[in-house]
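If you want the building blocks of each chain, they are given just below.
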Amino acid sequence: MTTEIYAKDIMITDFDKVDYREPIETAIKMIFSGKIRNTGDKTTSLMVINEENHFVGIITMFDILYHLRPGILNYGMVDGKDISWEGQIKLFKKKLINKKVGDIMSSEVVGAFPEEHLMILLDRMVKYKYHRLPVLKNNEPIGIVYISDIYFHLFARDGLVNQRGL
């Protein structure tokens, strides 16, 4: 087995995409029924594309839950425990459902190229605490590398541990 591993060698090519114009409800449903990868991890993000199939961002379960909360919590002056939440969840969900994917996606996303070495990807992900890197070619998403897939590839595939971690 070669020790030189590149993004193209470990990227997941069976990933879900969603158009930035879609209602957030579409993304919620797609993430809820996300794919189970070889690592046993469930996909909790979607690549966001525009009408030309160009990558414009990522939307994650975290992004959706973050935007479910009232904006006042984002400024640090109010703590969630200081608010009376009784009957509020339904209201917040209704506000969220009226948004589009493009309204809440993460658009300042760092990607990777197919020919980038595994250690470059790992360094980037660890330094900036990324859980995933979209792999792009001509600004189109062709794959995604998850930190858990790097971990799996480095240790389970080489026989250090079996796939169940025993």
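Structure's up top.
Before going into details, it helps to say that this report is about the structure given with it. Not measured: the values here are computed from a predicted model.

Focus: the overall build of the protein chain
Within the protein chain one finds 7 helices and 5 strands. When the helices and strands of the protein chain are placed in sequence order, the string is α-β-α-β-β-α-α-α-α-β-β-α. For the protein chain, the C-alpha atoms occupy an extent of roughly 55 × 40 × 30 Å along the three principal directions. In the protein chain, the share of contacts with a sequence separation of at least 24, taken over all contacts with a separation of at least 6, comes to 63%. Surface summary for the protein chain: the accessible area is close to 10700 Å², and the carbon and sulfur share equals 56%. Side-chain charges of the protein chain comprise 22 positive and 22 negative groups, with the mean position of each set lying 6 Å from the other.

Notes on the packing of helix α3 (residues 61–68) against helix α4 (residues 88–97)
Packing of α3 against α4 brings their axes to within 9 Å, and their N-to-C directions diverge by 120°. What the angle tells us is that α3 and α4 run oblique. Only F92, K93 and L96 of α4 make contact with α3, whose side of the interface consists of I64, H67 and L68. When grouped by side-chain class, the residues that make up the contact of α3 with α4 number 4 nonpolar, 1 polar and 1 charged.

A closer look at the packing of helix α6 (residues 118–128) against helix α7 (residues 147–155)
The contact between α6 and α7 brings their axes to 11 Å, and the two run at 135°. Considered as vectors, α6 and α7 are oriented oblique to each other. Between α6 and α7 the crossing geometry is left-handed. In contact with L118, L121, L122 and M125 of α6, α7 contributes I147, I150 and L154.

Focus: helix α2 (residues 24–32)
Turning to α2, its buried residues are I24, A27 and I31. One side of α2 carries all its buried residues, which in axial view fall inside an arc of 55°. Facing away from the buried side of α2, by more than 90 degrees, are the exposed residues K29 and F32. On its buried side, α2 packs onto β2 (45–49), β3 (55–60), α3, α4 and α5 (101–104).

With respect to the sheet that holds strand β1 (residues 17–19)
Spatially, β1-β2-β3 is the arrangement adopted by the 3 strands of the open sheet, whose pairing is mixed. Only two strands of the sheet have a single partner each, and these edge strands are β1 and β3. On average, each strand axis in the sheet is tilted by 35° relative to the strand beside it, whichever way the strands run. Across 5 bridges, the pairing between β2 and β3 is antiparallel.

Things to note about the pairing of β2
For β2, the buried fraction is high: 5 of the 5 residues fall into the buried class. Across the two faces of β2 the burial is the same, with S45, M47 and I49 and L46 and V48 all buried. With 3 bridges joining them, β1 and β2 adopt parallel strand pairing. Each bridged residue has a counterpart across the sheet, and for D19 the counterpart in β2 is I49. The β-α-β motif built from β1, the intervening α2 and the parallel element β2 has right-handed crossover chirality. Counting the residues that bridge the hairpin from β2 to β3 gives 5 residues, and of these N53 lies at a positive phi of roughly 65°.

Conventions used here
- Residues numbered from 1 in each chain as written.
- Predicted model: local features only at pLDDT ≥ 70, side-chain atom pairs only at ≥ 80, totals over all residues.
- Heavy atoms only, no water.
- Helix = DSSP H or I, 4+ residues; strand = E, 2+ residues; numbered from the N terminus.
- Contact = heavy atoms within 4.5 Å.
- Areas by Shrake-Rupley, 256 points an atom, 1.4 Å probe, with all protein chains shown as cover.
- Lys, Arg positive; Asp, Glu negative; His and termini not counted.
- Charge placed at Lys NZ, Arg CZ, Asp CG, Glu CD.
- Axes fitted to C-alpha atoms, helices over the stretch in contact; angles between N-to-C directions.
- Parallel < 35°, antiparallel > 145°, perpendicular 65-115°, else oblique.
- Nonpolar A, V, L, I, M, F, W, Y, C, P; charged D, E, K, R; others polar.
- Left-handed = near helix turned anticlockwise from the far one by under 90°.
- Buried < 20%, exposed > 50% of the residue type's maximum accessible area, 1.4 Å probe, protein only.
- Arc of directions from axis to C-beta.
- Pairing = 2+ DSSP bridges.
- Right-handed = clockwise from strand over helix to strand, strands pointing away.

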